[in-house]
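Here are the chains, one letter per residue:
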Amino acid sequence: MKVGIAADHGGYELKEIISTFLKSLGYDVKDYGAYELNTKDDYPDFVIPLARDIALQEIEKGIAICGSGVGASVAANKVAGVRAALINDHFSAHQGVEDDDMNMICLGGRVTGFMAAEELIISFLHAKFTGAERHKRRLKKVEDLETRNN
Ligand code: RB5
């Protein structure tokens, strides 16, 4: 599976750990930066290129990390076709995919420890959208918003 990962300075350290971890498991990981720790960098500069590649289906699933995970999720959800959420618990890590077809997990590098982050990410990556009719119906209502301004 092709997985993308992006982080600003608040998530840089966790990104490095997660990237190494996923590669050790055989995942094809594309790193969208940051490529060095720069306390002045801005999360949209890394998260949006990842989000665009998810929308283009160049990347199947994405991981975006900032300090809290909030900015990353706010930014990513502006890109049509991206379904991102800040995740802090195991249930949501897989149920978000199963029911809501979440294609980007957002984490807080200053909030979630690396072992917990690894478990959340594995849960997210292993999960599959069920395709149930009720979930498709709900997602269609969300998708319809992407072609409107409100
Ligand atoms: C950066 O200091 C911090 O604001 C950012 O990483 C993130 O937490 C935003 O949501």
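A brief structural summary. (Residues numbered from 1 in each chain as written. Predicted model: local features only at pLDDT ≥ 70, side-chain atom pairs only at ≥ 80, totals over all residues. Heavy atoms only, no water.)

## As for the pattern of salt bridges
Side chains that carry opposite charge are capable of pairing whenever their charged atoms lie near each other.
Right, on to step 1. Going through the model one piece at a time under the given rule, you end up with 5 salt bridges.
Right, on to step 2. A salt bridge links R83 to D101; the nearest nitrogen and oxygen atoms lie 3.2 Å apart. Taken together, the positions of R83 in the loop between α3 (70-76) and β4 (84-86) and D101 in the loop between α4 (90-100) and β5 (104-108) put the pair 18 residues apart, joining distant regions of the chain.
Right, on to step 3. Shared partners join several salt bridges into a network, and the residues in it are K15, E16 and D31. (Salt bridge = Lys/Arg side-chain N within 4 Å of Asp/Glu carboxyl O. Helix = DSSP H or I, 4+ residues; strand = E, 2+ residues; numbered from the N terminus.)

## Points about the environment of R52
Right, on to step 1. Here R52 shows up in helix α2 (residues 44-55).
Right, on to step 2. A relative accessible area of 52% places R52 in the exposed class.
Right, on to step 3. Counting along the chain gives 30 residues from R52 to V82, while the straight-line C-alpha distance between them is 8.1 Å. (Buried < 20%, exposed > 50% of the residue type's maximum accessible area, 1.4 Å probe, protein only.)

## Quick look at a positive patch on the surface
Right, on to step 1. Judged by side-chain charge, R134, R137, R138 and K141 come together as a positively charged surface patch.
Right, on to step 2. With respect to the helices and strands, the residue R134 is situated in helix α6 (residues 133-144). (Patch = residues over 30% accessible without salt bridge, like charges linked within 9 Å, V, L, I, M, F, W, Y side chains within 5 Å. Areas by Shrake-Rupley, 256 points an atom, 1.4 Å probe, with all protein chains shown as cover. Lys, Arg positive; Asp, Glu negative; His and termini not counted. Charge placed at Lys NZ, Arg CZ, Asp CG, Glu CD.)

All we've got here are geometric facts, nothing functional implied.
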